[in-house]
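# Notes for the structure review
Below are the chains, spelled out letter by letter.
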Amino acid sequence: MNGYDENRRRFLTKLGLTLGVTLTGTKVMQGEQAPASIETGLSAEQKAFMDNYEKWMDNFIEVIKFQKKDPNDLGNNMKIVALSEEAKTFQQELIGYMKDDNFARHYMVATERMTLTI
């Protein structure tokens, strides 16, 4: 098994355990929403980063959806290039945050919707 498969397996195991605990919590079963700080467990800096990154993902998802309909639209293709360049600005900060298992789980869940669109 290569390193990627091992990390993915470890992540999915942790995610499953986290979701299992969350789903059995009393507040969740009663339909109450936990406060954001408990729900995510992210630091203020990590939360700000994810808020910004999720806005970027929303924009990226929209241009990808449009590209699937019209792959030859020059304006949309230019937006994809610009958003791809913008993603490079997140890289260093993201690498640092990914060392935190809790952040990594949150990031993987958040990016799943983009992965499904692409």
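Residues numbered from 1 in each chain as written. Predicted model: local features only at pLDDT ≥ 70, side-chain atom pairs only at ≥ 80, totals over all residues. Heavy atoms only, no water.

### A closer look at helix 7 (residues 101-117)
End to end, helix 7 covers 25 Å across 17 residues, agreeing with the expected 24 Å (1.5 Å per residue, within 8%). The principal kink in helix 7, of about 35°, is found at T111. Of the positions making up helix 7, those classed as buried are F103, A104, R105, Y107, A110, T111, M114 and T117. (Helix = DSSP H or I, 4+ residues; strand = E, 2+ residues; numbered from the N terminus. Expected span 1.5 Å × (residues − 1). Bend = angle between axes of the 7 residues up to and from the residue. Buried < 20%, exposed > 50% of the residue type's maximum accessible area, 1.4 Å probe, protein only.)

### Digging into the packing of aromatic side chains
According to the stated counting rule, one finds 11 aromatic pairs in the structure shown. Between W56 and F60, the aromatic rings sit 5.0 Å apart at their centres with planes inclined by 15°, giving stacked as the arrangement. A residue pair is termed a helical-turn pair when its members lie 3 or 4 positions apart in one helix, as W56 and F60 do in helix 4 (residues 44-69) at 4 residues. Given the relative accessible area of 6%, W56 is considered buried. Relative to F90, the ring of W56 has its centre 6.2 Å away and its plane inclined at 75°; by these criteria the two rings are edge-to-face. Within this pair, whereas W56 is found in helix 4, its partner F90 is found in the loop between helix 5 (74-88) and helix 6 (91-97), the two being separated by 34 residues in sequence. Residues W56 and F90 agree in their burial class; the two are buried. (Phe/Tyr/Trp six-rings, centres within 6.5 Å; stacked < 30°, edge-to-face > 60°.)

### A short note on the environment of K68
Counting through the fold element by element, K68 comes out in helix 4. The exposure class of K68 is exposed, given its relative accessible area of 53%. Dropping the residues within four chain positions of it, K68 is found in contact with T117 and I118. (Contact = heavy atoms within 4.5 Å.)

### Regarding the packing of helix 4 against helix 5
One can describe the packing of helix 4 onto helix 5 by two numbers: an axis separation of 10 Å at closest approach and a directional angle of 150°. Here helix 4 lies roughly antiparallel to helix 5, going by the angle between them. Note on packing geometry: the crossing formed by helix 4 with helix 5 is left-handed. Contacts between helix 4 and helix 5 involve W56, N59, F60, V63, I64, F66 and Q67 from the first element and N76, N77, K79, I80, L83, S84, E86 and A87 from the second. (Axes fitted to C-alpha atoms, helices over the stretch in contact; angles between N-to-C directions. Parallel < 35°, antiparallel > 145°, perpendicular 65-115°, else oblique. Left-handed = near helix turned anticlockwise from the far one by under 90°.)

### A word on helix 4
Helix length check: helix 4, at 26 residues, gives a terminal C-alpha distance of 38 Å against a target of 38 Å (1.5 Å per residue), a fit within 8%. Regarding helix 4, the residues found buried are Q46, F49, M50, Y53, W56, M57, F60, I61, V63 and I64. Where helix 4 is buried, its residues meet helix 5, helix 6 and helix 7.

### What to know about the confidence of the model for the protein
Detailed reading of the predicted model is not advised wherever pLDDT is low. Mean pLDDT for the protein: 77, with 66% of residues reaching 70 or above. When the elements of the protein are averaged for pLDDT, helix 2 (residues 26-29) gives the smallest value, 40, and helix 5 the largest, 94. Below a pLDDT of 50 lies the segment residues 17-38, which in the model reaches 9 contacts outside its immediate sequence neighbourhood of four places, other chains included. (pLDDT = per-residue confidence, 0-100.)

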